[in-house]
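Residue-level listing of the chains:
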Amino acid sequence: MAITRKNIVSLLIGFLLLGLLFNPIKEIPDVPHQSFLFTCTFLATVIGIAAFYPTKQFIHRLTIIDLLVILIAVGNIYFYPPTSNLFGLARFALIILYWSIRQTGGLNGTLLYTIILITTLVLSIIGYMQILHILPSHHPHFDITGPYGNPTIYAGILCLLLSAPIMVLSHFKSDAIHRYTYLVSFLTCIIALPILWLTHCRSAWIAVLAIISYSIYSRFSISFRWGISTLITIALLSYLLYQFKPASADGRILIWKVTAQMIKEKPFTGFGPHGFTANYMHFQSEYLKKEGSIYEKQLADNNHYVYNEPLRWTVEYGIAGLLLYIGILYCIFSYKKSEIQSLSAQAIYIAGLVWGLFSYPDQTFPILAVMTIALAEMSNRQRECVIKQLPHKYIFLKAVIFLAIAGQEALLIKIFQCHRELYQISHRTSSQSPEEIITSLSQLETAMKNETIFWPYYCHTLYKSQRDSILLDKITYWEQLYPSTHTYILKGDALQRTDKIKEAETAYWAAHFMVPSRQKARYKLALMYYQQKRISEANRLANEVLTEKVKVYGFETYEMHRELRRIFEDQPMPSLSIPPDKFSTNGKRQ
């Protein structure tokens, strides 16, 4: 393989894809979710240097995909500045990654396809080893997660990577390509598809079915009758998938109902960046209070994902966001290329779009990275351009690019140091006093004020140390970034300890209405009412908590019920029996 810019960048992209297999960055908080963000950002810096600096040649033309990416990039930098947090910096790294791939004029397809096959095979083997309990899962409630935090991300990555061998197998006969390439491609699909099924991730199943249908459509001329039959088959499969996990599907429908209420509130401007995460739980609370059915109240849980990208774009950016998403669809589906490398890149992106109709690619960085690589390669292969000649000076462009890459690397080092320090603080609890830990956390506050992972830990530390006045000041950041029932229960406890009973009552009820099926907020209210001599109200809530059907009966639920029984033992309470098969110490927190 010749040492050229194209091959060097292709090899580095291959390293990035291999980074999907493990978490090379250790000793940071939440390794399964955050390790790849650091890895991708670092590699994007190296790829940027390799792509822009060995030669004077820059791209002279812009395709319609490039113009769309420029628009999205400007929005990303404005709404998610790289100085804000780790995810903002990682998004900026994707912009550098895209334009670095564009500088090559086309990646080394053979090299990348080989790495895709290796990555898919190894990911599949990791899944099988987790089922056999040879390797640990990264989630207490799921056997299969791959190297990620949950099976949804694992299945999403698999279905994107599988798109390439599916396209190759559908467009080539066994005698048209190298025999070993065809055999390995076939074996990859045979090995990966069963583990994909075992993830029970329906969004990934639908994405794979969509790619298989698209590969057939792009390979053969399809009659109208065949098209109608396909639509009927898809409708039947959708019904069967609904029956597979009806409660989960109904939960998504509830989320979409509440999201529709948010869009109705601000249809033109939207709620802005992070608007869904910051506001959804409040809208869910209002919906369940006013018109939610008993079944919907049982389904509701803490949620910060839309599970539908068109809705997310609309709820956060209004009509303009929806139009931009439609523009993306137009660019992808109007892309007409017959060569296998272009079709494979297009299939990968389509798989990501279909997966995103039922999942959350915006919050799944490995998915965003793979889709960015595919989009850049599609643009490389697109000969039709909107702007044929770009006026520019090489020295000026190199200076701007140098500043961007250098700034990204400096920010990466700073953010990594903060995350490493947070990890070390969280592991020094036995050797340091609470005061020393709080002092250390306060020193990180300015640098990590936009990091969702920082505030829950800081607030819980303040709560355990009973620094309630500081806690009530700092918990507002948690409320703004990532509100949940846990936020308001913690806030209610702090308010109660500072004798702000009315405010505490409001916080507890806010937590309850967000997720009515969880009992902890009403448990706290019952105890507070009892202390305030509001016996009838306390008795009513205790009776309600002890007699209703529990969604997940865990150890915390058992402790709450036992405490209520002890306190209200002189009151007429129903007998409480715990079915042995329903007791689980792995149950979710109430």
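As a reminder, the structure under discussion sits directly above these lines.
Residues numbered from 1 in each chain as written. Predicted model: local features only at pLDDT ≥ 70, side-chain atom pairs only at ≥ 80, totals over all residues. Heavy atoms only, no water.

J.: It is not clear to me how the overall build of the chain should be interpreted in this structure. Could you clarify?
T.: From N to C terminus, the chain includes 24 helices and zero strands. Here the C-alpha atoms of the chain give a radius of gyration of 26 Å, agreeing with the 25 Å that 2.2 N^0.38 yields for 590 residues. Oriented by its inertia axes, the alpha-carbon framework of the chain measures out at about 80 × 55 × 50 Å. When the 590 residues of the chain are sorted by exposure, 51% land in the buried category. Considering only contacts within the chain whose residues lie at least 6 apart along the sequence, 73% involve residues at least 24 apart. Of the charged side chains in the chain, 54 are positive and 39 negative; the average position of the first set lies 9 Å away from that of the second. (Helix = DSSP H or I, 4+ residues; strand = E, 2+ residues; numbered from the N terminus. Rg over C-alpha atoms; globule rule 2.2 N^0.38 Å. Buried < 20%, exposed > 50% of the residue type's maximum accessible area, 1.4 Å probe, protein only. Contact = heavy atoms within 4.5 Å. Lys, Arg positive; Asp, Glu negative; His and termini not counted. Charge placed at Lys NZ, Arg CZ, Asp CG, Glu CD.)

J.: Help me understand the packing of aromatic side chains, please; the structure alone is not making it clear to me.
T.: In this description, a pair of aromatic rings is defined by centroid distance and the angle of the planes. Under the definition given, this model contains 24 aromatic pairs. Cluster of aromatic residues (ring-pair linked, three or more members): Tyr305, Tyr307, Trp355 and Tyr360. Lying across the ring of tyrosine 180, arginine 179 places its NZ or CZ 5.4 Å from the centre. The cationic tip of lysine 289 hangs over the ring face of phenylalanine 513; the distance from NZ or CZ to the ring centre is 5.0 Å. (Phe/Tyr/Trp six-rings, centres within 6.5 Å; stacked < 30°, edge-to-face > 60°. Lys NZ or Arg CZ within 6 Å of the ring centre and 35° of its normal.)

J.: Looking at this structure, I do not really get the side chain of asparagine 76. What am I missing?
T.: Position of asparagine 76 among the secondary structure elements: in helix α3 (residues 64–79). The class for asparagine 76 is buried, based on a relative accessible area of 15%. Those residues within four positions of asparagine 76 in sequence are excluded, and the remaining contacts are Pro81, Arg91 and Ile95.

J.: Quick question: what am I supposed to make of the layout of surface pockets here?
T.: Remark: the empty space left among the atoms is shown by a probe the size of a water molecule rolled over them. Put simply, the second largest pocket is a space of about 800 Å³. Lining of the second largest pocket is provided by 31 residues; of these, Ile72, Asn76, Arg91, Trp313 and Ile328 occupy positions nearest its centre. Elements with a contribution of two residues or more to the lining of the second largest pocket: α3, α4 (86–104), α13 (309–333), α14 (340–356) and α15 (365–381). Residues that form the lining of the second largest pocket fall into these classes: 21 nonpolar, six polar and four charged. (1 Å grid on protein atoms, 1.4 Å probe; cavity = no way out; pocket = protein on both sides within 12 Å on 5 of 7 lines; lining within 4 Å. Points joined across faces, edges and corners; volume = space filled by probe spheres on them. Nonpolar A, V, L, I, M, F, W, Y, C, P; charged D, E, K, R; others polar.)

J.: What is the right way to look at the environment of threonine 506 in this model?
T.: Looking at the secondary structure, you find threonine 506 in helix α21 (residues 501–514). When the C-alpha positions of threonine 506 and lysine 398 are compared, they lie 56 Å apart, and in sequence the two are 108 residues distant.

J.: How should I be thinking about α15 in this particular structure?
T.: Think of an α-helix as turning once every 3.6 residues; residues three or four places apart then point the same way. Compared with the 24 Å implied by 1.5 Å per residue over 17 residues, the 25 Å span of α15 between its first and last C-alpha is a close match. The buried fraction of α15 is high, at 17 of 17 residues. (Expected span 1.5 Å × (residues − 1).)

J.: Is there a simple way to explain the packing of α14 against α15 in this structure?
T.: Helix-helix packing: each pair is described by the crossing angle between the helix axes and the interaxial distance. Between α14 and α15, the shortest axis-to-axis distance is 8 Å and the interhelical angle comes to 145°. Viewed along their axes, α14 and α15 form a crossing whose handedness is left-handed. Packed against α14, whose contacting residues are Gln341, Ser342, Ala345, Gln346, Ile348, Tyr349, Gly352, Leu353 and Trp355, the element α15 presents Ile367, Val370, Met371, Ala374, Leu375, Glu377, Met378 and Arg381 at the interface. When its residues are assigned to classes, the contact of α14 with α15 shows eleven nonpolar, four polar and two charged. (Axes fitted to C-alpha atoms, helices over the stretch in contact; angles between N-to-C directions. Left-handed = near helix turned anticlockwise from the far one by under 90°.)

J.: Can you walk me through the environment of glutamine 382 in this structure?
T.: When you line up the elements, glutamine 382 lands in the loop between α15 and α16 (394–426). Linking glutamine 382 and lysine 26, residues 356 residues apart in sequence, is a C-alpha distance of 40 Å. Not counting chain neighbours up to four residues away, the residues in contact with glutamine 382 comprise Arg61, Thr63, Ile64, Ile65, Tyr335 and Lys337.

J.: Any chance you could explain the side chain of threonine 372 here in plain terms?
T.: Assignment of secondary structure puts threonine 372 in helix α15. Note on threonine 372: relative accessible area 14%, which makes it buried. A polar contact of 2.7 Å, which involves the side chain of threonine 372, links it to the backbone oxygen of leucine 368. Contact partners of threonine 372, with chain neighbours within four places excluded, come to Leu94, Leu97 and Tyr98. (Polar contact = N/O pair within 3.5 Å; in protein donor to acceptor, adjacent residues only side chain to side chain.)

J.: I would appreciate a short explanation of the environment of glutamine 130 in the present structure.
T.: Mapped onto the elements of the fold, glutamine 130 is located in helix α5 (residues 109–131). Under the relative-accessibility criterion, glutamine 130 is labelled buried at 3%. Taking the C-alpha atoms as reference, glutamine 130 lies 31 Å from tyrosine 558; in sequence the two are 428 residues apart. Not counting chain neighbours up to four residues away, the residues in contact with glutamine 130 comprise Leu135, Pro136, Ser137, His138, Asp143, Ile144, Thr145 and Gly146. There is a polar contact of 3.1 Å between the side chain of glutamine 130 and the backbone oxygen of proline 136.

J.: Sorry, what's going on with empty space enclosed by the protein here?
T.: Using the criterion set out here, one finds three cavities of 30 Å³ or more in the structure. What the largest cavity holds in volume is close to 110 Å³. Looking at the largest cavity, it is lined by 16 residues, and the ones nearest its centre are His304, Val306, Arg312, Asp362 and Gln363. Broken down by secondary-structure element, the contributors of at least two residues to the lining of the largest cavity are α11 (275–290) and α13. Broken down by element, the lining of the largest cavity gets its largest block of residues, three residues, from α13. Its residues placed into classes, the lining of the largest cavity shows six nonpolar, six polar and four charged.

J.: Is there a simple way to explain the pattern of salt bridges in this structure?
T.: Side chains that differ in sign of charge can pair as their charged atoms come close. Counted under the stated rule, the structure contains 27 salt bridges. Arginine 420 is the salt-bridge partner of glutamate 27, the closest N and O atoms lying 3.7 Å from each other. Of this pair, glutamate 27 sits in the loop between α1 (5–18) and α2 (31–52) while arginine 420 sits in helix α16, and the two are 393 residues apart along the sequence. What emerges from the salt-bridge pattern is a single network uniting Arg91, Glu309, Arg312, Glu316 and Asp362. (Salt bridge = Lys/Arg side-chain N within 4 Å of Asp/Glu carboxyl O.)

That's the geometry; what it means functionally is another story.
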